[in-house]
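A structural walkthrough
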Amino acid sequence: MTIAENLEMIHSRIAQTCRQMDRDPATVRLLPVSKTKPASDVVEAAEAGVRRFGENRVQEAMGKWQELSDDHPQIEWAIIGHLQTNKARDVARFASEFQALDSLRLARELDKRLHAQGRQLDVLVEVNSSGEPQKSGVAPSEAVDFARQLSAFDALRVKGLMTVALHSDDESQVAACFQRMRVVQEQLRNEASEVSSWNDLSMGMSGDFEIAIAHGATTVRVGQAIFGSRPPMGQ
Ligand SMILES: *Cc1c(COP(=O)(O)O)cnc(C)c1O
């Protein structure tokens, strides 16, 4: 299967799940994740209509940006992985979106660097919906407080929430993570009216995007099902 065929297949699976859930497929955004894959794969997907790509490492994303920006200036980058504060300056230079905001220190640094560049950034707050200690993200119970404080940073266009669910064959445990995100989203709407426009809910990957859509995902981040499998440690 080519990348274009895989993209078509994922779009049709998204559409089918939406039909089952009585949702409009236009309410689900597919973010293809090109991490570990060469720039040539990004070009192939771009030629099939993809504009924005997810990457979880800044260094790798920046390399592809530098390689492709002259010939493909329309390509945009979304950083979806945890970010060290000292990488904020790089992200501020080239990224269009950052999905893993989980500390005020990082928010402050990004805002400062973005102002210096005269840029803005779409941002999602990462929530640790599985409670696993090795996962990044703010705790579900802290999300509302955290959200309120982000209004101080005007270069950050906060759009919603992101999570990585538990990696498990037990669908009910995966679904429980997504359900927790629905609860957090509701809390935000009810308790923090200033962030009521945070409608994006980024959750679901190759192995669980259909469950995520069933639980209200508006963005799914799909890598391997589009670009082929990665070596297990190739995160
Ligand atoms: C790698 C990654 C994905 C995509 O995972 P696949 O299994 O390749 O679909 C989604 N979200 C995050 C945060 C990732 O790091």
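All of the points below concern the structure found in this document. Keep in mind the model is a prediction, meaning the values are calculated, not measured.

Some details on the overall build of the protein chain
Looking only at helices and strands, one finds nine helices and eight strands in the protein chain. Computed over the C-alpha atoms, the radius of gyration of the protein chain is 17 Å, within 12% of the 18 Å expected from 2.2 N^0.38 for a compact globule of 235 residues. Summarising its shape, the C-alpha atoms of the protein chain cover approximately 45 × 45 × 35 Å along the three principal directions. Across the 235 residues that make up the protein chain, the buried fraction comes to 52%. Pairs at least 24 apart in sequence give 64% of the contacts found in the protein chain among residues at least 6 apart. As presented, the protein chain carries roughly 11,200 Å² of accessible surface, and 45% of it is formed by carbon and sulfur atoms.

Observations regarding the site of the ligand
Around the ligand, the neighbouring residues are K35, N56, I80, M162, V164, M205, S206, R221, V222, G223, Q224 and R230. The contact in question runs from a nitrogen atom of the ligand to an N or O atom on the side chain of R221, over 2.8 Å. Contacts to the ligand include R230, whose side-chain N or O atom sits 2.6 Å from an oxygen atom. Within the complex, 93% of the 390 Å² of free accessible area of the ligand lies under protein. Along the lines of polarity and charge, the residues of the shell around the ligand split into five nonpolar, four polar and three charged.

Section: the nonpolar core
Core analysis: the largest hydrophobic core is formed by 73 residues, its most contacted members being L101 and L110. When residues in this core are grouped by element, the largest group, seven residues, is from helix α7 (residues 171-191). Among residues more than four places away in sequence, those in contact with L101 are L106, A107, L110, V123, L124, V125, E126, F146, L150 and L156.

Conventions used here
- Residue positions are given per chain, counting from 1 as you read along its sequence in written order.
- Note on the predicted model: pLDDT of at least 70 is required for a residue's local features to be given, and 80 or more for side-chain atom pairs to be given and counted; whole-chain, interface and lining totals, by contrast, use all residues.
- Excluded from the side-chain calculations are hydrogens and water; all other atoms, namely the structure's heavy atoms, are used.
- We count a stretch as a helix when DSSP gives it H or I for four or more residues in a row; a strand needs E for two or more, and each element gets its number in order from the N terminus.
- We compute the radius of gyration over the C-alpha atoms and compare it with the globule rule, which gives 2.2 Å times the number of residues raised to the power 0.38.
- The buried label applies to any residue whose accessible area, calculated with a 1.4 Å probe on protein chains only, is under 20% of its type's maximum; exposed applies above 50%, and partly exposed to all values in between.
- When checking whether two residues touch, look at their non-hydrogen atoms; a contact exists if any pair is within 4.5 Å.
- Residue-level accessible areas treat just the shown protein chains as cover; the underlying method is Shrake-Rupley with a 1.4 Å probe.
- Being near a molecule or strand, for a residue, comes down to having at least one heavy atom within 4 Å of it.
- What qualifies as a polar contact is a pair of N or O atoms within 3.5 Å, subject to a donor-acceptor requirement within protein and to the restriction that residues adjacent in sequence count only when both atoms come from side chains.
- When residue character is reported, Ala, Val, Leu, Ile, Met, Phe, Trp, Tyr, Cys and Pro are called nonpolar, Asp, Glu, Lys and Arg charged, and the others, Gly included, polar.
- Side-chain atoms within 4.5 Å link the members of a nonpolar core, which is a set of buried Ala, Val, Leu, Ile, Met, Phe, Trp, Tyr and Cys residues.

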